[in-house]
Structure formats: structure tokens, C-alpha cells
Amino acid sequence: TQTLVYVSCAQSREIQVFSLADDSGEVSLRQRVATGSAPSPLRVCPQQRVLYAGLRSDDAIAAFAIDPVSGPGCGNLALLGSVATPGGSSTITVEP
């Protein structure tokens, strides 16, 4: 089995998706998602279907669908949309 790791990369303005093999500890880059802004903070909804990213320099929050299908694309992100957050987003909380 594997664990998915979502990394906020402010300098490159992207979210990187890694897989971590539970048996060997091997880490592999799966996807790089350009955000156009420094993504921080990141939060995954409790159902693990959506990742929310604060886009600091754009004062916005973006929502990304998390691919639930097992196999090579599992855990990859696809942009659903974004919304302006006047004053920025220093934290994101997701309620069930």
C-alpha cells in the first residue's frame, strides 16, 4: 500500500503530489500542479475527496478534486475552482 503526501511549494507556486510506499519507504513524485500563487495552507476534507489550498498572493482559496481511482492516477489533483478571500487565508478548516 501507499500513503499520499501533498506538499506546498511556495517558491515554485505549485503543489507536489508524492506517493510513499508503506513497505519500503520509497518516495516518488506523482504530479506537479501549478497554482499561479504560493499555496499555503493546504487542507484535505474528511472524506479525502477535495484538497483546499490557500493562494496567498492572490487572496483566494482553490479547491482540487482528489482522484479516488486506484492505480497510476490515484491521488492526483484536478482544479475544481477558486474563490476570492479578501484579506488572505492564513488557515483553512473543513467541517464534515
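Scroll up for the structure.
Residues numbered from 1 in each chain as written. Predicted model: local features only at pLDDT ≥ 70, side-chain atom pairs only at ≥ 80, totals over all residues. Heavy atoms only, no water.

J.: I would appreciate a short explanation of the sheet that holds strand β3 (residues 27–34) in the present structure.
T.: To summarise the sheet geometry, strands pair through backbone hydrogen bonds and adopt either a parallel or an antiparallel arrangement. Taken together, three strands build an open sheet; the order of strands is β1-β2-β3 and the sheet is antiparallel. Each edge of the open sheet carries a strand with a single partner, namely β1 (2–9) and β3. Direction aside, the axes of adjacent strands within the sheet are offset by 20° on average. Where strand β2 (residues 14–21) meets β3, seven bridges bridge the pair, whose relative direction is antiparallel. Opposite L20, over in β3, you have V27 as the bridge partner. (Pairing = 2+ DSSP bridges. Helix = DSSP H or I, 4+ residues; strand = E, 2+ residues; numbered from the N terminus. Axes fitted to C-alpha atoms, helices over the stretch in contact; angles between N-to-C directions.)

J.: For this particular structure, what's the right way to read the environment of V27?
T.: Mapped onto the fold, V27 is located in strand β3. For the pair formed by V27 and L4, sequence separation is 23 residues and the distance between their alpha carbons is 9.5 Å. Ignoring any residue separated from it by four or fewer positions in sequence, one finds V27 in contact with F18, S19 and L20. (Contact = heavy atoms within 4.5 Å.)

J.: Help me out: how do you make sense of the sheet that holds strand β5 (residues 50–55) in this one?
T.: On the basis of which strands lie adjacent, the open sheet formed by four strands has the order β4-β5-β6-β7 and antiparallel pairing. Two strands in the sheet have a free side with no partner beyond their single neighbour: β4 (39–44) and β7 (77–84). Strand-to-strand twist across the sheet, computed as the mean angle between neighbouring axes with direction ignored, equals 20°. One ladder, built from six bridges, connects β5 with strand β6 (residues 60–66); its direction is antiparallel. The partner of Y52 across the bridge, within β6, is A63.

J.: Help me out: how do you make sense of the pairing of β6 in this one?
T.: Counting buried positions along β6 yields five of seven residues, so the element is predominantly enclosed. Counted between consecutive antiparallel strands, the loop separating β5 from β6 contains four residues, among which D59 sits at a positive phi close to 50°. Taken together, the seven bridges between β6 and β7 define a ladder with antiparallel strand orientation. Bridge pairing links A63 to G81 in β7. (Buried < 20%, exposed > 50% of the residue type's maximum accessible area, 1.4 Å probe, protein only.)

J.: Looking at this model, I keep getting lost on the nonpolar core. Mind explaining?
T.: Considering soluble globular proteins, one finds that nonpolar side chains tend to be buried as a cluster. Within the largest apolar cluster, 12 residues are counted, these being Y6, I15, V17, V33, L51, A53, L55, A60, A62, F64, I66 and L77. Only β2, β5 and β6 provide two or more residues apiece to this core. The element contributing the most residues to this core is β6, with four residues. Not counting chain neighbours up to four residues away, the residues in contact with A53 comprise I15, P39, P41, L42, A60, I61, A62, F64 and I92. (Core = buried A, V, L, I, M, F, W, Y, C linked by side-chain atoms within 4.5 Å.)

J.: Just to check I follow, could you spell out the layout of surface pockets for this structure?
T.: It is the rolling of a water-molecule-sized probe over the atoms that shows where space remains empty. There is about 160 Å³ of room inside the largest pocket. Along the walls of the largest pocket sit Q2, T3, L4, Y6, V44, Q48, I66, D67, P68, C74 and G75, which together make up its complete lining. With four residues, the single largest contributor to the lining of the largest pocket is β1. Taken together, the residues that form the lining of the largest pocket break down as six nonpolar, four polar and one charged. (1 Å grid on protein atoms, 1.4 Å probe; cavity = no way out; pocket = protein on both sides within 12 Å on 5 of 7 lines; lining within 4 Å. Points joined across faces, edges and corners; volume = space filled by probe spheres on them. Nonpolar A, V, L, I, M, F, W, Y, C, P; charged D, E, K, R; others polar.)

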